[in-house]
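Each chain is listed here by its residues.
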Amino acid sequence: MDGLIQQKVQRFEEFVDRRLKPDLVHAIAERDKVFEQQEVFSNLRRNIENLEKNSVTSLQTMVNLGSEVYMQAEIHNIFVDIGLGFHVEFTWSEALKYISIKEESLANQIQEYTRLIASIKAQIKIVCEGIRELLQLPAER
């Protein structure tokens, strides 16, 4: 009977180590990526709001053409990466509308990843509790 219990404990431990923990690490990493995207859009929104507040209609900047070759450019609109390698030209007010929608979408993704992380942690705890019961160890407080 002890051998059967040890086999079950070993299978449960392998399930936690090979499946649940890597899933948890992956979910946390994905949520962190979304947090980074959210920060980028938040900074962009803040910058555009400052430009509008100061009634700036265009900017002069240096643009990298490649191979560290630069040229001066005057910017009236902004190009926003909307995903899959596509960039859309927006006026500043249009960009603010898009950014607010994108920030809402990113906040929803963060909530989903947070729920997933909590679910995986709960599964790990349940499996560990099952191992504890199989080994007939006293409950931790």
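Owing to the predicted nature of the structure, the values given are computational and were not obtained by experimental measurement.

Caption draft 1: Region of the structure containing the pattern of salt bridges. In total, this model carries seven salt bridges according to the counting rule given. The residue glutamate 30 makes a salt bridge to lysine 33 at a minimum N-O spacing of 3.3 Å. Taken as a pair, glutamate 30 and lysine 33 lie in helix H1 (residues 2–53) at a separation of three residues, close to a single helical turn. The exposure class assigned to lysine 33 is partly exposed, which follows from its relative accessible area of 48%.

Caption draft 2: Spotlight on unusual backbone geometry. Backbone geometry at serine 67 places phi at a positive 55 degrees, although glycine is not the residue there. Tracing the backbone through its elements, the reader meets serine 67 in the loop between strand E1 (59–66) and strand E2 (69–75). The phi dihedral of leucine 84 is positive, around 55 degrees, even though this residue is not glycine. Among the secondary structure elements, leucine 84 is positioned in the loop between strand E3 (78–83) and strand E4 (86–90).

Caption draft 3: Structural detail: the packing of H1 against helix H2 (residues 92–134). Packing of H1 against H2 brings their axes to within 8 Å, and their N-to-C directions diverge by 165 degrees. When the interaxial angle is binned, H1 and H2 end up roughly antiparallel. Relative to H2, the crossing made by H1 is left-handed. A class-by-class count of the residues in the contact of H1 with H2 yields 31 nonpolar, seven polar and 12 charged.

Caption draft 4: Spatial organisation of the packing of aromatic side chains. Inspection of the entire model under this criterion finds two aromatic pairs. Feature note: the residues Phe41, Phe90 and Tyr98 constitute an aromatic cluster, connected by ring pairs.

Caption draft 5: Focus on the environment of arginine 11. Among the structural elements, arginine 11 can be located in helix H1. Through-space distance from the C-alpha of arginine 11 to that of isoleucine 131 is 9.8 Å; in sequence the pair is 120 residues apart.

Caption draft 6: Looking closely at the pairing of E1. Examined bridge by bridge, E1 and E2 share seven bridges and lie antiparallel to one another. Within the sheet, the bridge partner assigned to glycine 66 lies in E2 and is valine 69. The hairpin turn running from E1 into E2, its antiparallel successor, is two residues long, and serine 67 in that turn takes a positive phi close to 55 degrees.

Conventions used here
Residues numbered from 1 in each chain as written. Predicted model: local features only at pLDDT ≥ 70, side-chain atom pairs only at ≥ 80, totals over all residues. Heavy atoms only, no water. Salt bridge = Lys/Arg side-chain N within 4 Å of Asp/Glu carboxyl O. Helix = DSSP H or I, 4+ residues; strand = E, 2+ residues; numbered from the N terminus. Buried < 20%, exposed > 50% of the residue type's maximum accessible area, 1.4 Å probe, protein only. Axes fitted to C-alpha atoms, helices over the stretch in contact; angles between N-to-C directions. Parallel < 35°, antiparallel > 145°, perpendicular 65-115°, else oblique. Left-handed = near helix turned anticlockwise from the far one by under 90°. Nonpolar A, V, L, I, M, F, W, Y, C, P; charged D, E, K, R; others polar. Phe/Tyr/Trp six-rings, centres within 6.5 Å; stacked < 30°, edge-to-face > 60°. Pairing = 2+ DSSP bridges.

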